[in-house]
Amino acid sequence: MNPLVRRYLKTAIAFLLIGLALGFWMLLGREFGVPVAWRLRSAHTHALLVGFVLMTIAGVALWMFPRPRVGEAKHQPLLAEIAWWGIAGGTGVRVVLESWPGTQQDLAWRAAIVVAAALQVAGLGLFFVALWPRIRSSGASAKAR
């Protein structure tokens, strides 16, 4: 397993732990009548669905899909690297901003959340651009693509 795949999977596990902690915090708030910021649900959801589920899928896809052929012009592994930064960075910033106690509602704070969401979207899109040349059968000829 190459280092980038390990990074995707270890990041996914970190987001799982963060998502579980946020979920437990919301459960405590519900059961003991402590108000919890409504944006915490979004942070919890993004930590689990984007941070854990999508990062796991991406890591496994990088690991399991047929390896690109040597010298394959379309294969650009740097794209998967940049995609990791977009997905992990965007998700991390979004989780922090949406779970911060006493969250600010000013325009800069809202704009930062939107930028973080855009990083998530761009990272996921870039990941699939990087993966596209690998979506073929392992015995497919170069002309069959």
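No experiment lies behind these values; they were computed from the predicted model shown.

(A) Highlighting the overall build of the chain. From N to C terminus, the chain includes 4 helices and 0 strands. What you see in the chain, going N to C, is helices and strands ordered as α-α-α-α. Expressed as a percentage of contacts within the chain between residues at least 6 apart in sequence, the contacts between residues at least 24 apart total 83%. Of the accessible surface of the chain, which amounts to about 8800 Å², a share of 73% is contributed by carbon and sulfur atoms.

(B) Fine view of the environment of Arg-7. Locating Arg-7 in the fold gives a position in helix 1 (residues 3-32). When its relative accessible area of 26% is taken as the criterion, Arg-7 is described as partly exposed. Taking C-alpha positions, Arg-7 is 9.5 Å from Met-55, a pair spaced 48 residues apart along the chain. When residues no more than four places from it in sequence are discounted, the contact partners of Arg-7 are Glu-81, Trp-84 and Trp-85.

(C) Here's a closer look at a nonpolar patch on the surface. A cluster of nonpolar residues, Met-1, Val-60, Trp-63 and Met-64, forms a patch on the protein surface that exposes about 380 Å² of accessible area. Position of Met-1 among the secondary structure elements: in the segment before helix 1. In this structure Met-1 comes out as partly exposed when scored by relative accessible area, which is 46%.

(D) The pattern of salt bridges, seen in detail. One pass over the full model with this rule turns up 3 salt bridges. Glu-81 is the partner of Arg-7 in a salt bridge, and the nearest nitrogen-oxygen pair spans 2.8 Å. In this pair, Arg-7 sits in helix 1 while Glu-81 sits in helix 3 (residues 77-99), placing the two residues 74 residues apart along the sequence.

(E) Main features of the confidence of the model for the chain. Looking at the chain, pLDDT values average 87 and 86% of them are 70 or higher. Mean pLDDT across the elements of the chain ranges from a minimum in helix 4 (residues 107-131), with 93, to a maximum in helix 1, with 95.

Rules behind the numbers
Residues numbered from 1 in each chain as written. Predicted model: local features only at pLDDT ≥ 70, side-chain atom pairs only at ≥ 80, totals over all residues. Heavy atoms only, no water. Helix = DSSP H or I, 4+ residues; strand = E, 2+ residues; numbered from the N terminus. Contact = heavy atoms within 4.5 Å. Areas by Shrake-Rupley, 256 points an atom, 1.4 Å probe, with all protein chains shown as cover. Buried < 20%, exposed > 50% of the residue type's maximum accessible area, 1.4 Å probe, protein only. Patch = residues over 30% accessible without salt bridge, like charges linked within 9 Å, V, L, I, M, F, W, Y side chains within 5 Å. Salt bridge = Lys/Arg side-chain N within 4 Å of Asp/Glu carboxyl O. pLDDT = per-residue confidence, 0-100.

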